[in-house]
Amino acid sequence: MQEEIFKNLVNILDDEIKLYTEMRNLYTEKKEILIKNNILELTKIDTKIIENYEKIKKIDVLRLDAIKMIGNDINSMSSLIEIAEERCHKFVSKLKEQQAKLNNLSSSISLLNLTNMKLIKHGMIITDKKLNIIIEACAPKGTSYNGKGQEDDNNLEMSTIIRDV
């Protein structure tokens, strides 16, 4: 019975590792899209990331259910490996391998997410600067020209037909 539960858990963890590997690849692709500033592709990749996240949430529920069948006080992979050493030594090496992969993926995804956030922030700063340049170029100046063709900002009166009548 315990061997079957551990076998099921290992399979679930393999599926979870595949999904996290896919997530890492999607974040890497998103980084390249952010660098190229391709908004259309960014929308597509964000949709894929959300879909993958939904799959991860579903498999996470399956993993937690499988762990509950082993014991209620298991809150980490290390605890799970300790129990496997006691009850089903056959899966210890596989669980250790999966733990290393999950740690590696977690670090990679966190770093990529941080990098992507910095790229987004940088993109917003550049966009803000471009917008300010456009506004300054298009905004009317507060000066007028005098009879000599020079800018004269001392006298900014408006002339209207009503006043002249």
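What counts as what
- Residues numbered from 1 in each chain as written.
- Predicted model: local features only at pLDDT ≥ 70, side-chain atom pairs only at ≥ 80, totals over all residues.
- Heavy atoms only, no water.
- pLDDT = per-residue confidence, 0-100.
- Helix = DSSP H or I, 4+ residues; strand = E, 2+ residues; numbered from the N terminus.
- Buried < 20%, exposed > 50% of the residue type's maximum accessible area, 1.4 Å probe, protein only.
- Arc of directions from axis to C-beta.
- Contact = heavy atoms within 4.5 Å.
- Core = buried A, V, L, I, M, F, W, Y, C linked by side-chain atoms within 4.5 Å.
- Salt bridge = Lys/Arg side-chain N within 4 Å of Asp/Glu carboxyl O.

Quick word on the confidence of the model for the protein chain
Here the protein chain shows a mean pLDDT of 86. Residues at 70 or above account for 84%. The least confident element of the protein chain is helix α5 (residues 161–164), whose mean pLDDT is 50; the most confident is helix α1 (residues 2–36), at 94.

Some remarks on helix α3 (residues 77–87)
Taken as a whole, α3 has its buried residues at Met77, Leu80, Ile81, Ile83 and Ala84. Down the axis, α3 shows its buried residues gathered within 165° of arc, on one side only. Relative to its buried face, α3 has exposed residues pointing more than 90 degrees away, namely Glu82 and Glu86. Among the structural elements, α1, α2 (39–70) and α4 (92–138) are those in contact with the buried residues of α3.

A closer look at the nonpolar core
Side chains of a nonpolar character, in soluble globular proteins, are inclined to be buried together. Core analysis: the biggest nonpolar cluster contains 35 residues, and Phe6, Leu9, Ile70, Leu80 and Leu95 have the highest contact counts within it. If you list the elements that add at least two residues to this core, you get α1, α2, α3 and α4. At 13 residues, α1 tops the list of elements feeding residues into this core. What Ile70 contacts, discounting residues up to four positions off in sequence, is Ile5, Phe6, Leu9, Leu80, Ile83 and Arg87.

With respect to the pattern of salt bridges
All chains considered together, the criterion is met by 10 salt bridges. The shortest N-O distance in the salt bridge between Arg63 and Asp60 comes to 2.0 Å. Taken together, the residues Arg63 and Asp60, both in helix α2 and three residues apart, mark about one turn of the helix. Assessed through its relative accessible area of 19%, Arg63 is described here as buried. Residue Asp60 is classed as partly exposed on the basis of its relative accessible area of 23%. Here Glu97 makes a salt bridge to Lys101, at a shortest N to O gap of 3.3 Å. Of this pair, Glu97 and Lys101 both sit in helix α4, separated by four residues, roughly a single helical turn. We classify Glu97 as partly exposed; its relative accessible area is 38%. When salt bridges that share partners are traced, they join Asp14, Lys94, Glu97 and Lys101 into one network.

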